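Chains, contacts and geometry: an overview
As a plain string of letters, each chain reads:
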Amino acid sequence: MTSKNNLPIYWGPDYVLDSGVETRTKSGPLAKILIGGEVPGVNLIAPLPITREELLAIHDEQYIDGLINDEKPELTRSIFASTGGVRDALDAMFVHGKAGSLSSGLHHAKRDHEYGLCYINGLALAALRAISKHGVKKVAVRDTDSHCGGGTFQLVGDNEKIVIADVSCNSYDIWQPNSDRHHLKVVKSANEYLDAVKQALKHIDGVDALIYNAGMDPFEDCMTGGMPGITREVLAERERLVAQWCEDTQTPAMFVLAGGYGGKNLDLDGVARLHLPTIREFARIRITPKSKN
Ligand SMILES: [Zn+2]
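Here we summarise the structure given alongside this text. (Residues numbered from 1 in each chain as written. Predicted model: local features only at pLDDT ≥ 70, side-chain atom pairs only at ≥ 80, totals over all residues. Heavy atoms only, no water.)

**Some details on helix H7 (residues 193-203)**
Within H7 the residues assigned to the buried category are Tyr193, Ala196, Val197, Ala200 and Leu201. Viewed along the axis of H7, the buried residues span an arc of 145°, placing them on a single side of the element. Packing partners of the buried residues in H7 comprise strand E4 (139-143), strand E5 (162-168), strand E6 (182-186) and helix H8 (232-249). (Buried < 20%, exposed > 50% of the residue type's maximum accessible area, 1.4 Å probe, protein only. Helix = DSSP H or I, 4+ residues; strand = E, 2+ residues; numbered from the N terminus. Arc of directions from axis to C-beta. Contact = heavy atoms within 4.5 Å.)

**Thoughts on the packing of aromatic side chains**
Here the distance between the centres and the angle between the planes together describe a pair of aromatic rings. Counted according to the given criterion, the structure contains 3 aromatic pairs. Look at Tyr115 and Tyr172: their rings are 5.6 Å apart centre to centre, the planes differ by 10°, and that puts the pair in the stacked class. Pair noted here: Tyr115 is in the loop between strand E3 (98-101) and helix H5 (122-132) and Tyr172 is in the loop between E5 and E6, with a separation of 57 residues, a long-range link. When the ring centre of Tyr261 is taken as reference, the NZ or CZ atom of Lys26 above it lies at 5.8 Å. (Phe/Tyr/Trp six-rings, centres within 6.5 Å; stacked < 30°, edge-to-face > 60°. Lys NZ or Arg CZ within 6 Å of the ring centre and 35° of its normal.)

**Topic: the coordination of the zinc ion**
The expected angle between donors at a tetrahedral four-coordinate metal is 109.5 degrees. At an octahedral six-coordinate metal it is 90 or 180 degrees. Around the zinc ion, the protein supplies Asp145 (OD), His147 (ND1) and Asp217 (OD) as donor atoms, at distances of 1.9 to 2.1 Å. If you list the donors of the zinc ion from N- to C-terminus, the spacing comes out as D-x1-H-x69-D. A residue is classified by how much of its surface remains accessible, and Asp145, at 2% relative accessible area, is buried. (Donors = N, O, S within 2.8 Å, 3.2 Å for Na, K, Ca; no water.)

**Let's talk about the pairing of strand E7 (residues 209-213)**
Consecutive side chains of a regular strand alternate in pointing toward one face of the sheet and then the other. Taken across its 5 residues, E7 has 5 buried, putting it largely inside the fold. With burial as the criterion, each face of E7 is covered, one bearing Ala209, Ile211 and Asn213 and the other bearing Leu210 and Tyr212. Note: E4 against E7, 5 bridges, orientation parallel. Opposite Val139, over in E7, you have Ala209 as the bridge partner. Read from E7 through H8 to strand E8 (residues 253-256), the crossover connection turns out right-handed. (Pairing = 2+ DSSP bridges. Right-handed = clockwise from strand over helix to strand, strands pointing away.)

**Some points on the packing of H7 against H8**
The contact between H7 and H8 brings their axes to 10 Å, and the two run at 15°. When the axes of H7 and H8 are compared, the pair comes out roughly parallel. Crossing of H7 against H8: the hand is right-handed. Seen from H7, the contacting residues are Tyr193, Leu194, Val197, Lys198 and Leu201; seen from H8, they are Val234, Leu235, Glu237, Arg238, Leu241, Val242 and Trp245. Its residues assigned to classes, the contact of H7 with H8 comprises 9 nonpolar, no polar and 3 charged. (Axes fitted to C-alpha atoms, helices over the stretch in contact; angles between N-to-C directions. Parallel < 35°, antiparallel > 145°, perpendicular 65-115°, else oblique. Left-handed = near helix turned anticlockwise from the far one by under 90°. Nonpolar A, V, L, I, M, F, W, Y, C, P; charged D, E, K, R; others polar.)

**Comments concerning the pattern of salt bridges**
Any two side chains of opposite charge can pair if their charged atoms end up close together. Scanning all chains against the criterion turns up 15 salt bridges. Salt-bridge contacts for Arg240 lead to Glu237; the nearest nitrogen and oxygen are separated by 2.9 Å. With Arg240 and Glu237 both in helix H8, this residue pair falls 3 residues apart, about one helical turn. A residue is classified by how much of its surface remains accessible, and Arg240, at 33% relative accessible area, is partly exposed. Given the relative accessible area of 25%, Glu237 is considered partly exposed. The shortest N-O distance in the salt bridge between Arg273 and Asp269 comes to 3.7 Å. Taken together, the residues span about one helical turn, with Arg273 and Asp269 both in helix H9 (residues 268-274) at a distance of 4 residues. (Salt bridge = Lys/Arg side-chain N within 4 Å of Asp/Glu carboxyl O.)

**Thoughts on the nonpolar core**
Core analysis: the largest hydrophobic core is formed by 97 residues, its most contacted members being Leu102, Val139, Tyr193, Ile204, Leu210 and Ile279. In terms of residue count, helix H4 (residues 73-96) provides more of this core than any other element does, 10 residues in total. When sequence neighbours within four positions are dropped, the list of residues in contact with Leu210 reads Met93, Ala140, Arg142, Ile204, Val242, Trp245, Cys246, Thr251, Pro252, Ala253 and Met254. (Core = buried A, V, L, I, M, F, W, Y, C linked by side-chain atoms within 4.5 Å.)

**Overview of the pairing of E8**
Burial along E8 is two-sided: the residues Ala253 and Phe255 and Met254 and Val256 are all buried. Across 4 bridges, E3 lies against E8 in parallel orientation. Of the residues in E8, the one forming a bridge with Ser101 is Val256.

**Focus: the sheet that holds E6**
A sheet is described by the order of its strands in space; here 8 strands give the open sequence E2-E1-E3-E8-E7-E4-E5-E6, paired in parallel fashion. The open sheet has two edge strands, strand E2 (42-45) and E6, and neither has a second partner. Shown here is a sheet whose adjacent strand axes are inclined to one another by a mean of 15°, direction ignored. On top of the sheet, H7 reaches E4, E5 and E6; it is set at about 180° to E5, its chief contact.

So, in structure tokens, the structure goes:
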């Protein structure tokens, strides 16, 4: 039994819309790849949807009620299911040391409106829950989506227990650090990228838990966010660095998918496959959560 090293990953068919942006379509093909057993040690679990009450911890009441009463119930169902997965992954990481959810559409969401394909900021929600439910003293939101996480900064930037480290390739949704808890680097070329990733890991040194927004949209073939020279190999190394940091520091960690979009050489299955290195690395590492006393 001691050799058991399963990675719980939250996903359910309710996450998936049949068409539209990859944010809400790509988890379907990715789940299929995982169910096919391509990454050993992964355990797919369907989450419970997030509740209205839970969402009011970060979002405006009118905005949430507008989403609940929206005339596109499939979109609302998808958003509530995938945000429930972020919450459940957060709870699972304190049991298993690591977890994930095949959720996207998080870091741009603002308190009272959708922004940049993001409706609910599950990263902010998870960080606050890590503090309120799990009693952590310092939690990091580490964001490597190609775009900046201005929504996360708006929602939890002033929380003294939350450290933000954001490495972007694009100034969309840029924010201004206003504390030594904040780190933002917008890289100008691919050859700066992995150094920026390492710098951001130094910034989160000493945190008790990590929430990782593992966007793959820096990949050079992504039509949105892609940067020439950021190859699959560069992104695989990024995921190795992040996961190895988690194992070396024995920091409980969870990931979500975040960005990753098609392009002229990249179909939906290709986009789903972009996210496999994150899952492989999290499946590989071992983190023993500290027992509470
Ligand atoms: Zn993005």
